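# Survey of secondary and tertiary structure
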Amino acid sequence: MTTIFGKIIAGKIPSEKVFENERILAIKDIYPVAPVHILIMPKKEIPDLQSLTKEDYPLVGEIVEVAQKLAKEFDIESGYRLITNNGAEGGQAIFHLHFHLIGGRQLNHILG
């Protein structure tokens with residue numbers, strides 16, 4: 001595991017975990033943009049969304065399930081974002097697939 005997320009998954013860097021099973025890890029973002037900002041990632045090292053294979057697709061479904069569970073747990077069920085950035089041009093900074101669960105305040109409309 002070569003990214004910071006890989007090191008967090010391996011236990012080499014501390015994090016505030018909010019969910020973990022054998023395939024998925026969710027942690028609080030250290031630079032939150034909203035009261036609730038959780039990063040949800042597969043433990044499998046996948047660089048970005050475009051690198052998913054058909055065999056990986058169930059992981060995305062499981063990530064959505066985890067996002068729903070955490071939205072309920074953090075009381076943001078009525079409104080949140082689940083976002084992933086793909087590639088440098090898409091704003092991706094860490095090349096380990098991850099999704100941002102963001103909520104807890106009124107979110108602005110996203111345009112281009």
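Residues numbered from 1 in each chain as written. Predicted model: local features only at pLDDT ≥ 70, side-chain atom pairs only at ≥ 80, totals over all residues. Heavy atoms only, no water.

### Re the pairing of strand 3 (residues 36–42)
- The element strand 3 is largely enclosed, with a buried count of seven among its seven residues.
- Neither face of strand 3 is exposed, since V36, I38, I40 and P42 on one face and H37, L39 and M41 on the opposite face are all buried.
- Note that strand 2 (residues 24–28) and strand 3 share five bridges and pair antiparallel. Bridging from a neighbouring strand, L25 pairs with M41 of strand 3.
- Judged from the five bridges that link them, strand 3 and strand 5 (residues 99–103) form a sheet pairing that is antiparallel. Across the sheet, residue H37 finds its bridge partner in strand 5, namely I102. (Buried < 20%, exposed > 50% of the residue type's maximum accessible area, 1.4 Å probe, protein only. Helix = DSSP H or I, 4+ residues; strand = E, 2+ residues; numbered from the N terminus. Pairing = 2+ DSSP bridges.)

### A short note on the nonpolar core
- I24, A26, I38, I40, L70 and L101 are the most contacted members of the largest nonpolar core, which has 19 residues in total.
- Where this core is concerned, the elements lending two or more residues are strand 1 (17–20), strand 2, strand 3, helix 2 (57–73) and strand 5.
- Beyond its immediate sequence surroundings of up to four residues, L70 is in contact with V18, F19, A26, I38, I40 and L101.
- Formed by seven residues, the second largest nonpolar core is a distinct cluster that contains F5, I8, L39 and M41. (Core = buried A, V, L, I, M, F, W, Y, C linked by side-chain atoms within 4.5 Å. Contact = heavy atoms within 4.5 Å.)

### Structural notes on the pattern of salt bridges
- Applying the stated criterion to the full structure yields seven salt bridges.
- A salt bridge links K17 to E20; the nearest nitrogen and oxygen atoms lie 3.2 Å apart.
- With relative accessibility at 42%, the residue K17 sits in the partly exposed group.
- Residue E22 is joined to R23 by a salt bridge in which the shortest nitrogen-to-oxygen separation is 2.4 Å.
- Of the residues examined, R23 reaches a relative accessible area of 34% and is grouped as partly exposed.
- Here the salt bridges share partners, and the residues they tie into one network are K17, E20 and K43. (Salt bridge = Lys/Arg side-chain N within 4 Å of Asp/Glu carboxyl O.)

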